[in-house]
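Here is what each chain is made of, one letter per residue.
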Amino acid sequence: MPHGLSKSRLMMFRQCPKRLWLYAHRRDVQEFSEETETRFQIGFQVGALAQTLHPNGILIDTADAAEALEWTQQALNAHPDRPLFEAAFARDDVLVRADVVLPEDGGYRLREVKASTSVKPEHYPDGAIQAWVVQGSMALTGVEIAHVDNTFVYPGGGDYRGLLKTQALDVDLVDLLSQVPAWIAQARATLAGPEPDIAPGDHCTTPYECPFQHHCKADEVPPDYPLNCLPRLQGQRFTDLVEQGITDVRAIPSDYPLTRRQAWVARVIQSGQAERDPEAARRLQSFGYPRYYLDFETFQVAVPLWPGTRPYQQLPVQWSCHVETAGQALRHAQFIAAGLDDPRRAFAEQLLATVGETGPVFVYNRSFEVGRLQELAQSNPDLAPGLMALIGRVVDLKTLTEQFYCHPAMKGRWSLKAVLPTVAPELAYDDLAIGDGAAASEAWQEIYHPETSEARRATLYTELSQYCARDTLALVRLAHFLSAPA
């Protein structure tokens, strides 16, 4: 195939011609984020599930393009009445692999499987490329997207009928199909020429995160305090500052109209001095003891693991709790799911036993923990009274921090990872194998993968325990900091 064109490479070209060029000529400089790797894994899971819904289907199980084309044709000739998975087709030297090809009267229906919960704008050109190529080999009766239905509730027993919802694309592809040859020609011209001179922009992350953006931005020298340090600075105000040549918060005139919160962040950055309102201490001092500092860890899967759960539901599998008594004596308690069975009831029971019936329960971002507690109450009605009473005790340290504390190094961000280095730098996560929520979620997905060894699971349990305990110790230190005399 000239320049190795395929559907995925044409989609790269449509996102950014430079991305396609770099993929062909400088693949060594690509860097995938953990989020992108997770998205790939979820896509594989959903694709594999889609195949199980057609037990008589034939998988074209080879990565070799020539072999895949040959095997596909052999399967079509020998078994024209059976579905095909990962079937290969080529037209004008463009190769595609179809997720599912379904035989029906008059030809075949093309089904593309997506892990998203709806049809996205980028799925239309994706479907058009696929259909244009496949039309060169067989009669198509229809093109559709099968996406995850996030209202599906898994009944158990391996019954995933209804997990995928289909949407026909035929009418929407009419105009796009005629444009595919032009996309192919333009992509080949790009690949045959020098590296395109395209500046970084929104296309670096839309519709997909580009693995080459670090390479493209390598020569950029960003301002120390870019304008996006100011919360919700967008639209005309952002444009107006850029047009004035202002790209650093420190250069914004003192009389420039900003919201109260934006002005606070700008003042702190420009002065270089942190600000902490004594009101935070007054509010915290009103709480008695014992005090509980709580953090949940959850993960999401597209294909539900346990009966009664939905796709992409936040599944609580771990908590850490530092318990502080009068005099600032601390003890640590935790729950970490063991085995592969549904741990949610044990999660709730042990939590209630740990936090008792009195005392404030401090969290960071109350809506997250409260949402999980409400879900646990719904799925465990007998525990609901205790869980709902617990919700009434939850105090959000993030809200207090956002209201009463700002430091230049936070750069207008109030995530715990932004705040903690300014309060307790010795509690940085650099020494931990798992250093953020995304990595923790990925670790839990690995734990629940059936091919993960027990030795690897044991390692992950230790790393997750260290990470979650660090989070709640950080809450203790933050509360002490905010409570200290000004």
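Residues numbered from 1 in each chain as written. Predicted model: local features only at pLDDT ≥ 70, side-chain atom pairs only at ≥ 80, totals over all residues. Heavy atoms only, no water.

Caption draft 1: Structural context of the overall build of the chain. Check the secondary structure of the chain and you find 18 helices and 13 strands. Oriented by its inertia axes, the alpha-carbon framework of the chain measures out at about 80 × 60 × 40 Å. Within the chain, the proportion of its 486 residues that are buried is 48%. Accessible surface computed for the chain: about 23000 Å², of which carbon and sulfur atoms make up 50%. (Helix = DSSP H or I, 4+ residues; strand = E, 2+ residues; numbered from the N terminus. Buried < 20%, exposed > 50% of the residue type's maximum accessible area, 1.4 Å probe, protein only. Areas by Shrake-Rupley, 256 points an atom, 1.4 Å probe, with all protein chains shown as cover.)

Caption draft 2: Summary view of the pattern of salt bridges. Evaluated as defined, the whole model comprises 24 salt bridges. A salt bridge links Asp126 to Lys114, with the shortest nitrogen-to-oxygen separation between them at 3.2 Å. Separated by twelve residues along the polypeptide, Asp126 in helix H5 (residues 123-135) and Lys114 in strand S4 (residues 107-114) bring together distant segments of the chain. The pair formed by Asp126 and Lys114 is uniform in burial state, with each residue classed as buried. Its salt-bridge partner being Arg282, residue Glu279 comes within 2.9 Å of it at the nearest N-O pair. In this pair, Glu279 and Arg282 both sit in helix H11 (residues 279-285), three residues apart, roughly one turn of the helix. (Salt bridge = Lys/Arg side-chain N within 4 Å of Asp/Glu carboxyl O.)

Caption draft 3: Structural view of the sheet that holds strand S3 (residues 94-104). Read from one edge of the open sheet, six strands run S1-S2-S3-S4-S5-S6, paired in mixed fashion. What marks the edges here is a single partner per strand, and that holds for strand S1 (58-59) and strand S6 (164-168). Sheet topology note: the S4/strand S5 (residues 140-148) ladder contains seven bridges and is parallel. Within S5, the position partnered with Val113 by the bridge is Ala146. Its contacts with the sheet place helix H3 (residues 34-52) against S1, strand S2 (84-91), S4, S5 and S6, and it is angled at close to 145° to S4. (Pairing = 2+ DSSP bridges. Contact = heavy atoms within 4.5 Å. Axes fitted to C-alpha atoms, helices over the stretch in contact; angles between N-to-C directions.)

Caption draft 4: Geometry of the nonpolar core. Counting residues in hydrophobic clusters, the biggest one holds 85 residues, and the most contacted among them are Ile252, Trp319, Leu351, Leu397 and Trp444. Looking at this core element by element, the count peaks at ten residues for helix H18 (residues 454-483). Once you skip the residues sitting within four places of it in the chain, Trp444 turns out to touch Glu297, Phe299, Val317, Gln318, Ile336, Ala337, Tyr461 and Leu464. Core analysis: the next-biggest nonpolar cluster, separate from the first, contains 47 residues, Met12, Val29, Leu84 and Phe212 among them. (Core = buried A, V, L, I, M, F, W, Y, C linked by side-chain atoms within 4.5 Å.)

Caption draft 5: Broad picture of the sheet that holds strand S11 (residues 361-363). Reading across from one edge, S10-S9-S8-S11-S12 is the order of the five strands in this open sheet, with mixed pairing throughout. Both edges of this open sheet fall to strand S10 (329-336) and strand S12 (394-396), since each of them pairs with a single strand only. Mean inter-strand twist for the sheet, computed between neighbouring axes without regard to direction, equals 25°. Pairing geometry for strand S9 (residues 315-325) and S10, over eight bridges, is antiparallel.

All quantities given are derived from atomic positions and should not be read as evidence of function.
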